[in-house]
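Examining the three-dimensional arrangement
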Amino acid sequence: MACMSQDQIISILIPYIQKIMPNEEDEVLLAISEEVANFKNFLDPKNVNQIFPLFQYLFGCEETVVRESAIEKMRGIIPELDEEIVQKYLVPLILSISNLDAFQWKVSALYMIRMCYVKSGKDKEKLRALYFKLCEDETPIIKRTAAKEFGPLCLTIEKNYVYNDMIHYYKKFMAESDVIRTTILPSLVQLTKLSQNADLQRENIKFIVAASEDKSWRVRNQLSQLFPEIVNYLGTQINEIIPTLATLITDSETEVKISALKSLNQIITKIPPEKIQASIIPSLKNINESSKDVKSNVGESLGPIAQIIGYNAFNSSLGVVMDSLMKDDNADVRLGIAKSMYQIFLSSDGNLLTSTNALLGTMQKDTQYRIRECVYETLAKLGANYGMEIFKSTIEPLYFNYISDNVNSVREAGINSLRILMEKFGVTFILNTLIPKLSGFLQQGKISYLNRLCVIRSLEVCGEFLEHKQLNEALLPILLKCLKDKIANVRFVTIKTLQKIFKNFDANGKDKIVSAIKGMLNDDDTDVKFYASKFMEGYSK
């Protein structure tokens, strides 16, 4: 096309494509729909209307993928068009295809209304009238499309038409089938966003409450999922819908409960403490559900609740729930409460520290590795929060057990959590506490090679925080000794570790490392020789 002049594109190429489209397969039509928008790059702005007949044909294709591709390409073009082009060509095109019999044209017209509305000038009234007309259409797919476009269109048209005209159709759609009701329901987000007036928000709140009482669980589930978006625009009026959320948490359908609890976990910090105690806590206590997903989400909500209302109120109202979840037979349920433990500890202002071993020590022995991963992160965060003295006296005895865990991902979680402590306590902690502790593990006669690998990886993290002299004096002697380990895996992992932190050493340290690894080029193990050779290649560059 770049080789053709504008006149040739208009007089030869576009008519040719128009001619072949009726006889082409859907795959070809899809390819055309994906490329037709690029024609505008080779046409003057005043001639861009020449490609609209191609779009018009694609808008009426039976294949949904082709039709939607054309609509999306048109969506990208319209912002670049002058209002005159939109009013002269696209508005008539919308009105024309909406009068054709096949539903495909009407569906495409519905999508086009919102795209063109802002630039349609005096034709805005015609587009609004067309939308209202199509809302009355009894064809299910047309009605669904009108419901789908309702919310975005509310954000596009003038506010006075939203509250005087559009609301009527929201109410009408909410009296239709559950498919239409679930399609229109997300528009509550746009309506609450538009409604800056308290009276209008009360009207929206009525819609929310009504949806929570809908006979279809799909509608109630949809509403539950929308809560995080809705509350963003309600301001202080959020208090009026918290009882509704509490009702959804105790819904008879498991899927609704799960969605409501997930939404609760996203918005709980926005809920006033008195509303949590009055509405949310009773609903959590009244859940009678065996579903692991429900109980897991309840567990995740307990931490934020404890921080908001305080540990004493939490323990008296939800302590029994917490104990029950910790003892549950399902690992996902126990993981849910494990994720809340850090916040529950913080809510106690240190009073729970005396129970660290009873609570976190028990979880640390859990057979589910994901729970143990969570525990080590919690221990590190608690140590960073409460300070060095508490860490050494209460947390350290549990924390370094990650080194001897039999699951690699748990050991990695422990290694990664070291950064939390290092960033909080600094180099002094690394030199005086951490490296001596890790070195002590290596000196134990019965430590397995997997545990030695974990120590080496932990030392690698230490190396990220140390300067030249500190690396040479505290870390390098330990790693050079590990290069002589009898287990090949330990030797080549040490080489990889030194390669990662090599740039942090000074010239003296680098010379010692290179000399040691050069001597491993003839190692008995193939993998060790490979990594030693790879290190030397990188060093020579």
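Cut-offs applied
- Residues numbered from 1 in each chain as written.
- Predicted model: local features only at pLDDT ≥ 70, side-chain atom pairs only at ≥ 80, totals over all residues.
- Heavy atoms only, no water.
- Patch = residues over 30% accessible without salt bridge, like charges linked within 9 Å, V, L, I, M, F, W, Y side chains within 5 Å.
- Areas by Shrake-Rupley, 256 points an atom, 1.4 Å probe, with all protein chains shown as cover.
- Salt bridge = Lys/Arg side-chain N within 4 Å of Asp/Glu carboxyl O.
- Lys, Arg positive; Asp, Glu negative; His and termini not counted.
- Charge placed at Lys NZ, Arg CZ, Asp CG, Glu CD.
- Helix = DSSP H or I, 4+ residues; strand = E, 2+ residues; numbered from the N terminus.
- Buried < 20%, exposed > 50% of the residue type's maximum accessible area, 1.4 Å probe, protein only.
- Contact = heavy atoms within 4.5 Å.
- Polar contact = N/O pair within 3.5 Å; in protein donor to acceptor, adjacent residues only side chain to side chain.
- 1 Å grid on protein atoms, 1.4 Å probe; cavity = no way out; pocket = protein on both sides within 12 Å on 5 of 7 lines; lining within 4 Å.
- Points joined across faces, edges and corners; volume = space filled by probe spheres on them.
- Nonpolar A, V, L, I, M, F, W, Y, C, P; charged D, E, K, R; others polar.
- Core = buried A, V, L, I, M, F, W, Y, C linked by side-chain atoms within 4.5 Å.

1. What to know about a negative patch on the surface
- A cluster of acidic side chains, namely E24, E25, D26, E27, E62 and E63, defines a negative patch on the protein surface.
- Checked against the element boundaries, E27 lands in helix α2 (residues 26-35).
- E27 sits in the exposed class, given a relative accessible area of 59%.

2. What to know about the environment of R75
- Topologically, R75 is positioned in helix α4 (residues 64-77).
- Residues R75 and I281 lie 206 residues apart in sequence; the distance between their C-alpha atoms is 47 Å.
- Sequence-distant contacts of R75, that is, excluding residues within four places in its chain, are made with Y111, R114 and M115.
- Of note is the side chain of R75, whose polar atom sits 3.1 Å from the side chain of E72.

3. A short note on the side chain of N451
- By the element assignment, N451 lies in helix α25 (residues 449-463).
- A distance of 3.0 Å separates the side chain of N451 from the side chain of S448, its partner in a polar contact.
- Filtering out sequence-adjacent residues up to four positions away, N451 remains in contact with I403, S404, D405 and R411.

4. Description of the layout of surface pockets
- By volume, the largest pocket amounts to about 280 Å³.
- For the largest pocket, the lining is made up of 13 residues, of which L442, Q443, R452, K481 and D485 are closest to its centre.
- When contributions to the lining of the largest pocket are tallied by element, the ones reaching two or more residues are α24 (408-442) and α26 (468-482).
- Ranked by residues supplied to the lining of the largest pocket, first place goes to α26 with 3 residues.
- Residues of the lining of the largest pocket, tallied by class, amount to 4 nonpolar, 4 polar and 5 charged.

5. A look at the nonpolar core
- Ranked by size, the top nonpolar core spans 189 residues in total, and within it Y131 and Y399 carry the most contacts.
- Element by element, the count of residues in this core is highest for α24, at 13 residues.
- Y399 has contacts with Q364, Y376, L379, A380, F391, G414, S417, L418 and L421, leaving out every residue within four places of it along the chain.

6. Describing the environment of I344
- Following the sequence through the fold, I344 ends up in helix α20 (residues 341-347).
- For I344, a relative accessible area of 0% corresponds to the buried category.
- Between the C-alpha atoms of I344 and F429, which are 85 residues apart in sequence, the distance is 27 Å.
- Leaving out residues up to four positions away in the same chain, I344 has contacts with L302, G303, A306, Y311, F314, M322, I337 and L352.

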